Amino acid sequence: MAARYLIFEDGTTFAGDGFGSPAVTFGEVVFNTSMTGYQEIITNQIYDNQIVTFTQPNIGGYGIQRNIYESIVPTIKGVIVRSLSNVATDNIRRLTLDQYLKQMNIPGITNIDTRAITHKLRDAGKPLKGSIVPVPDDHAFDQLHATVLTNQQVAQVSTPKPYPNPGVGMSVVVVDFGLKNGILRELSRRKCNVTVLPYNASADEILRLDPDGVVLSSGPGDPHYVKSSVLEMIRKVQEQVPLFGIGLGHELFALANGAQVIPLCVEHHGMNHPIKEIITDHIVYANQSEGYTVDWSTVDRSKLFVTYTDMIDSSVQGLRHRQYPAFSVQFFPDGAPGPDETDGLFDEFIDTMKRKEERR
């Protein structure tokens, strides 16, 4: 392995060894506390323009599997691990993580102090821009300071054209803001006939398909940079058909209904976050990947009420509309990776669509 370095915009340097692609990369550095599921994390579109540090010390032990991709072409900018394992633990021939990252032109760095990186990110209280480079010289830092990361991540990762995911059950439109395949898997398990539309689809384009319900998918970036026409679409659609927002879809649902969304001091990335359902006081553990949260004090209680909260920092994790059959959650109810304790929310969405259909 050749020497590689992680440098931060404040001048900090961490030395390690390179794996994956030898390319130089730039991105926002975050950390993920998941113990397993590195493939799902790397292929999750929510990490567009980000370099992910894994706090789990050893990564790569089970290779790359064919059936757990969260997207076909990952847009993550880099991977940081303490110790890289390049031997799969079973007798099935699989790509190693190193081989996969080479194929996808994604740089990685190992034999590096991920604990110190995690402490640095937590202490910073804000996202930090970083770069993986072969030499940490003045030129590398000049390039890092000059790099401007795009704020149009949703436009970059959303599907450019509609496509079907056929089924024989309820008809569901999924609006793709950076779709996580786990959402499609859960809808397919419930036999839904799914049509995926681009993020900028209008309410008329959605309703023309006569869906039984609409899902606002998860996705990357700051929700304030998503086109205002998307909020207008949400306001129109929620009046007509059941709506379910997930991740970024939850944040956009909140904005469309008058709440404010603010950045977190420390982003939530991991599958070990305890979540409380307010109405039952039931505690579940869920997969989260979020850099923003709904400001509880701005929730208009004549329109919305909070359904879930994070047990660690009391951030809003779920909302429901008082007048329309529309609800949302910040976490990933599909897991992938992580617990499936909250996948019943998809059943709740199906039941909501059936009740709406019965009243027609």
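Residues numbered from 1 in each chain as written. Predicted model: local features only at pLDDT ≥ 70, side-chain atom pairs only at ≥ 80, totals over all residues. Heavy atoms only, no water.

### A short note on the side chain of threonine 110
On the secondary structure map, threonine 110 appears in strand E8 (residues 107-110). Within polar-contact distance, the side chain of threonine 110 engages the backbone oxygen of arginine 82 at 3.4 Å. Looking at threonine 110, its side chain comes within polar contact range of the main-chain nitrogen of leucine 84, at 3.3 Å. In this view, threonine 110 contacts Met1, Gly16, Asp17, Phe19, Val81, Arg82, Ser83 and Leu84; residues no more than four positions away in its chain are not counted. (Helix = DSSP H or I, 4+ residues; strand = E, 2+ residues; numbered from the N terminus. Polar contact = N/O pair within 3.5 Å; in protein donor to acceptor, adjacent residues only side chain to side chain. Contact = heavy atoms within 4.5 Å.)

### Observations concerning the UniProt feature "binding site: L-glutamine" (unreviewed entry) in the protein
Annotation from UniProt places "binding site: L-glutamine" (unreviewed entry) at Gly219, Gly221, Leu248, Gly291 and Tyr292. Spanning 74 residues, the annotated positions come together in the fold, the maximum distance between their C-alpha atoms being 11.7 Å. The subset of the named residues that lines the second largest cavity consists of Gly221. Mapped onto the elements, glycine 219 comes out in the loop between strand E13 (213-216) and helix H8 (228-238). Once residues lying within four places of it in the same chain are set aside, the contact partners of glycine 219 are Ile46, Phe177, Gly178 and Leu248. Relative to the helices and strands, glycine 291 is located in strand E16 (residues 282-294). (UniProt positions renumbered as here; feature names shortened; annotations may be inferred. 1 Å grid on protein atoms, 1.4 Å probe; cavity = no way out; pocket = protein on both sides within 12 Å on 5 of 7 lines; lining within 4 Å.)

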